[in-house]
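# Structural overview
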Amino acid sequence: MLLKLYVAAVAACAAAAATVVATTTNVPHPAGAAVLVMLGLMLGLTEFLQVRQYRYGGHGASHNLIEGVLAPLIFVASGEVVVLVAALALAVADSARRAAPMKTLFNTAQWGLATAAGALVLNALDPSRTRNGVGIAAVCLAIVTMSLVNYVALHIVLLLAMREQGESPTRSRALSELLGGLIANGAALVTGVALVAAYMWSPWLILLGAAFVIGVDAAGRANASLRADHVRLEGMQKATHALAASIDVSTGLHAFLMETRAGFEVHVAELVLFSERGATVHRCTAAGGAGYAVCIEHHPLAEAVATRLPEATRFAAGDGTTAGAILAGSEHTRVLATPMRSGGTTIGVLFLYDRIGMEGFERGELKIADALAREVVSFLERVTLLQAIDAERNKLADILGNTSDGIFSIESDGTITSWNAGLAAMTGYVAEEVVGTRHFGLLRPRDQHGRDLLFERWADLIDTPGGLPGDVQIVSQSGQTLWLSCSYSRIPETETRREVLVVVARNITQARELERLKDDFVAAVSHELRTPLVPIKGWAQTLLNRGDRLNEDQRRTAVQSILAQAQKLESLVLNILEASRIEAGRTDGDGVADVGGITARIVEDTLASRPDRTLRLRPPSVPANVRGSAVWVERAVSNIVANAIKYSPDDEPVDVVITTEGDDVIVSVTDRGPGIAADAQERIFERFERLEESRKQTGTGLGLYITRRLARAMGGDVTVSSVPGAGSTFLLRLPAAPVAVQPTGRVPEQRIIEERDGNVVRLH
Ligand code: ADP
């Protein structure tokens, strides 16, 4: 807006100055029409051939000899003719150059103003056009005046254009422009004085000026071409470097476009990449991060040229092509479009819009643009390849990092080169502590026979049978002994890497422990099965051989002993059967069980076989029925009752109490035995677990395991609370069944009730 106002102001000033000149000047020997036409043509030629340094939206300094050609014009023509010829010649030349109307108007106006100012100075200093020193000085001053007016008018335009672009002038640019201006103006001054002198000799000699103009044009073009050549090549080198230095599409293309924009001296550099999602446009409109944007958008220009463009091509708004038509409807006037091909398909287009640098080097630029497009293609291919490699690597790293197996690699000199998370979890040593060291010995590795293993010397051991055993024992950081089942792969050395042994280690500590427990169990079971048979056989033999000679008490003792041992055997067999049913997943807990009745029967049976023990039962105050199998309830209760009897001293009583609490039925069995240490109170419910201190009692380690599994299968649980040295209480908690059922099993009347103590029934 400000720019337009300014152009209008210059035009107005030019008109005013032309009027003043027209009324004040009067040339003594005005030139004829032929000379004026000749001068007009030369002026037009000068403007047409000028080599412009386009800057800031198409406005820029032009290096030509206009003031020089204007000098003979103001020397030989009166004010209004001068302004008229100058304005006409410039307007025609600018139109021929296809300059924008605004630009043509400004050029015409500012040169009109400069010409008028020059004419005023010349007329004021030398109105009679003398041939002496005064005359020469006046011509010189008039030429300098025109240069000055032109310089000032033009630089105000440049500043305003810069403001519109949001840029600020730099000192070095201003200096270089001043220097360029001084050289051009100096040349114009010399040309002007020479042409005036030539005119005085013979008006036709003015034609000599054409030789100057053409010569300067050629020199200017050569200079511009050289400079543009340098800038473009430097830009190309920087742009390719930007691509080479990056492995990320966004950063790479940003740097590339910034360098390309600067190197090609264009307003906007744009890279359009086609994909299934549409056109991804990377656009660089200014140096720095703020001038860069990436978006997915419809790009008519890219779609129009993509498939048809064989190589880098220039288009201008309204040049008759489809691209030219699209450009005319956009904010740009010129574009250099370069296709990007990969394997025969066009994957995108590089657009460079509106040059703001010097003219010249046009053909060279096309080649550079093509070379840059090829660079972008190979950059994108390289990045895609890298991404694929990276994805593969990440996949492998994920597998390595997330597997529960331990994996490590060790070089032939014992240096550990990798250590995965699985191994860190097993050993307690993290990768940072061990990778790069030769400290595998920290884990104190041993073989099955307890011999130390030197993994550092695996290269010597690997070929010896049993040198690297399958099962290796190690000690973790926390001092825990672990067994690892290891498999080994030897990876031969390459040019860049030494020979490596990759070890995959699986933690088999638990499996080995289970194996050991099973062995113990088999030994225990065979012992348990045989032990009761001895007294059973013995008493049976005695009863058979000498039964008639035994008195009532002796016979009773014999039968009780047989009964007790048979019960033990039965319980053992039932436990083993139940354990295998549970392991096989066959648990069937339908039905309703009467806990009171079942417990009473167990107590009674226990007392029948162990009349020496005291067992106190407190039955439930209300019917205590639970949802589940009666057999399961019997198994669970009899296991904890049997343990209480087994693990507590013979002279200490055992209390069995049945209560209901909320929706639960609770059977609590309390003994006054050795108790169970706090850290073992959970462990004893595991398979085959037996405490060291109770090893003198025979057992299989299955009872509590089965009790818990059955209790949980019925929706309840079994827990223990114990004070070591003072005894233990096992709590069997089962959810109550809502419906009452008739008590099952033998009824309490069969029991011999000796005394009553409140609610406690003491049975013998
Ligand atoms: P078993 O009695 O056949 O060994 P259990 O599974 O019934 O197997 O019990 C596991 C272990 O728990 C026993 O070996 C014993 O060490 C401990 N234990 C069980 N009940 C008691 C108890 N009432 N008092 C002390 N220790 C007990």
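Helices and strands together make up the secondary structure of the protein, namely 20 helices and 22 strands. The C-alpha radius of gyration of the protein comes to 54 Å, more than 25% above the 27 Å expected for a compact globule of 764 residues. Going through the 764 residues of the protein one by one, you find that 46% of them count as buried. The long-range share in the protein, meaning contacts at least 24 apart out of those at least 6 apart in sequence, stands at 66%. Total accessible area computed for the protein in this model is approximately 38100 Å², and 59% of it derives from carbon and sulfur atoms.

Okay, a nonpolar patch on the surface next. Together, Ile247, Leu385, Leu386 and Ile389 make up a nonpolar patch on the protein surface, roughly 390 Å² of accessible area in all. Along the chain, Leu385 turns up in helix α12 (residues 362-402).

Attention now moves to the pairing of strand β18 (residues 664-671). With six of its eight residues buried, β18 lies for the most part within the structure. Where strand β17 (residues 654-661) and β18 come together, seven bridges link them in antiparallel fashion. Residue pairing in the sheet places Thr660 in a bridge with Val665 of β18. The hairpin turn running from β17 into β18, its antiparallel successor, is two residues long, and Gly662 in that turn takes a positive phi close to 60 degrees.

Put simply, helix α1 (residues 2-24) and helix α5 (residues 101-125) touch, their axes get as near as 8 Å, and they point 35 degrees apart. Crossing of α1 over α5 shows left-handed handedness. Across the interface between the two elements, Lys4, Tyr6, Val7, Val10, Ala11, Cys13, Ala14, Ala17, Ala18, Val20, Val21 and Thr24 from α1 touch Met102, Leu105, Phe106, Ala109, Gln110, Gly112, Leu113, Ala116, Ala119 and Leu120 from α5. Class assignment of the residues belonging to the contact of α1 with α5 gives a composition of 18 nonpolar, three polar and one charged.

Quick look at the site of the ligand now. Around the ligand, 18 residues are found, and the nearest of them are Tyr647, Asp671, Arg690, Ser694 and Thr700. At 3.3 Å, a backbone N or O of Gly703 approaches an oxygen atom of the ligand. Relative to its free-state accessible area of 530 Å², the ligand is covered by the protein chains to the extent of 97%. Listed by contribution, the elements that provide at least two residues to the shell around the ligand are α19 (630-647), α20 (703-713) and β20 (727-735).

The next subject is the side chain of Glu689. Along the chain, Glu689 turns up in the loop between β18 and α20. Each residue touching Glu689, except ones within four places of it in the same chain, is listed here: Leu517, Arg683, Ile684 and Gly701.

Okay, the sheet that holds strand β12 (residues 481-491) next. Sheets are built from strands paired through backbone hydrogen bonds, the pairs being either parallel or antiparallel. Spatial ordering of the open sheet is given by β10-β9-β13-β12-β11, a layout of five strands whose pairing is antiparallel. Looking along the sheet, the strands with just one partner apiece sit at the ends: β10 (416-419) and β11 (471-475). Within the sheet, the average angular offset between the axes of one strand and its neighbour, ignoring direction, is 30 degrees. Where strand β9 (residues 406-411) meets β10, three bridges bridge the pair, whose relative direction is antiparallel. Bridge pairing in β10 links Phe408 to Trp419. Along the sheet, helix α16 (residues 509-546) makes contact with β11, β12 and β13 (500-507), crossing β12 at roughly 130 degrees.

Thresholds applied
- Per chain, residues are indexed from 1 in the order of the written sequence.
- It should be noted that, the model being predicted, local features are given only for residues of pLDDT at least 70 and side-chain atom pairs only at 80 or more, the latter also being counted only at that level, while totals for whole chains, interfaces and linings use all residues.
- Heavy atoms throughout the structure, all of them, feed into the side-chain values; hydrogens and water do not.
- A helix here means a DSSP run of H or I that spans at least four residues, while a strand means a run of E at least two residues long, and both kinds are numbered starting from the N terminus.
- Our radius of gyration looks at C-alpha atoms and nothing else; its globule reference is 2.2 Å times the residue count to the power 0.38.
- When accessible area is computed with a 1.4 Å probe and restricted to protein chains, residues below 20% of their type maximum are described as buried, those above 50% as exposed, and intermediate ones as partly exposed.
- Pairs of residues are marked as contacts when any of their non-hydrogen atoms sit within 4.5 Å.
- Under the convention used here, a 1.4 Å probe and the Shrake-Rupley method define accessible areas, while residue burial counts only the protein chains that appear.
- Surface patches are drawn from residues lacking salt bridges whose relative accessible area is over 30%; two like charges belong together within 9 Å, two nonpolar side chains (Val, Leu, Ile, Met, Phe, Trp, Tyr) within 5 Å.
- One speaks of a salt bridge when a side-chain nitrogen belonging to Lys or Arg is within 4 Å of a carboxyl oxygen belonging to Asp or Glu.
- One bridge is not enough; two strands pair if DSSP finds at least two bridges between them.
- The axes are straight lines fitted to the C-alpha atoms, using for helices just the contacting stretch, and the angles between their N-to-C directions are given from 0 to 180°.
- Each crossing is labelled by how the near helix is turned from the far one, with a counterclockwise turn of less than a right angle marking it left-handed and a clockwise turn marking it right-handed.
- Think of it as three bins: nonpolar holds Ala, Val, Leu, Ile, Met, Phe, Trp, Tyr, Cys and Pro, charged holds Asp, Glu, Lys and Arg, and polar takes everything else, Gly as well.
- Here a residue counts as near a molecule or strand whenever at least one of its heavy atoms sits within 4 Å of it.
- Two N or O atoms form a polar contact when they lie within 3.5 Å of each other; inside protein one atom must be a possible hydrogen donor and the other a possible acceptor, and for residues adjacent in sequence the pair counts only when both atoms belong to side chains.

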